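Structural characterization, general
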Amino acid sequence: TATGMTTSPTGTAYYAQSGQTVTLLNPAISGTSNLATYTQTGMPAAIRPARNQTFVGGTQDNGAAYIAAGIIIDTAGVINFYRTMNQDSFTTSGTKANLSQSVSYVLN
């Protein structure tokens with residue numbers, strides 16, 4: 001479930017686990033922005049990392065695409081999206097989105 005939008009759009013993520021490594025396929029989700037933040041919630045406890053994991057990915061903010069976006073999966077299983085690797089906030093209008101992307105990370 002996405003937050004930071006006028007609605008709470010959802011998508012289905014898929015994952016595979018091999019030992020302490022998880023590969024997560026996160027779906028594209030978009031909506032009308034009403035907050036400067038953008039998160040996704042609902043990650044199962046079994047695949048939450050012991051330390052925050054940071055990735056480069058793709059997002060969209062108010063019609064502009066950002067490929068060097070910052071994505072952080074935190075220890076509570078919340079995926080935090082940022083417009084850039086500098087953790088810049090999103091605008092509070094227009095459409096915000098993340099691209100469908102896969103990431104691999106370690107649990108411990």
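Residues numbered from 1 in each chain as written. Predicted model: local features only at pLDDT ≥ 70, side-chain atom pairs only at ≥ 80, totals over all residues. Heavy atoms only, no water.

**Description of the nonpolar core**
As a rule of thumb, nonpolar side chains are buried together in soluble globular proteins. Membership of the largest hydrophobic core comes to 17 residues, with the highest contact counts inside it found for Leu24, Tyr38, Met43, Ile73, Ile79 and Tyr105. Mapped by element, the contributors of at least two residues to this core are strand E3 (21-26), strand E7 (64-73), strand E8 (79-82) and strand E10 (101-106). With residues near it in sequence (within four places) discarded, Ile79 still touches Leu24, Asn26, Tyr38, Thr39, Gln40, Met43, Ile71, Ile72 and Ile73. (Core = buried A, V, L, I, M, F, W, Y, C linked by side-chain atoms within 4.5 Å. Buried < 20%, exposed > 50% of the residue type's maximum accessible area, 1.4 Å probe, protein only. Helix = DSSP H or I, 4+ residues; strand = E, 2+ residues; numbered from the N terminus. Contact = heavy atoms within 4.5 Å.)

**Concerning the layout of surface pockets**
The computed volume of the largest pocket comes to approximately 220 Å³. Considering the residues around the largest pocket, the lining is formed by 16 residues, among which Ala13, Asn26, Thr41, Gly42 and Met43 are closest to the centre. Among the residues making up the lining of the largest pocket, the classes are represented as 9 nonpolar, 7 polar and no charged. (1 Å grid on protein atoms, 1.4 Å probe; cavity = no way out; pocket = protein on both sides within 12 Å on 5 of 7 lines; lining within 4 Å. Points joined across faces, edges and corners; volume = space filled by probe spheres on them. Nonpolar A, V, L, I, M, F, W, Y, C, P; charged D, E, K, R; others polar.)

**Comments concerning the sheet that holds E10**
As summarised here, the arrangement of the 3 strands in space is E2-E3-E10, forming an open sheet in which the pairing is antiparallel. A single partner strand is all that each edge strand has here, and the edge strands are strand E2 (14-18) and E10. Averaged over neighbouring strand pairs, the angle between their axes works out to 15 degrees when direction is ignored. Alignment of E2 against E3, held across 5 bridges, turns out to be antiparallel. Residue pairing in the sheet places Tyr14 in a bridge with Leu25 of E3. (Pairing = 2+ DSSP bridges. Axes fitted to C-alpha atoms, helices over the stretch in contact; angles between N-to-C directions.)

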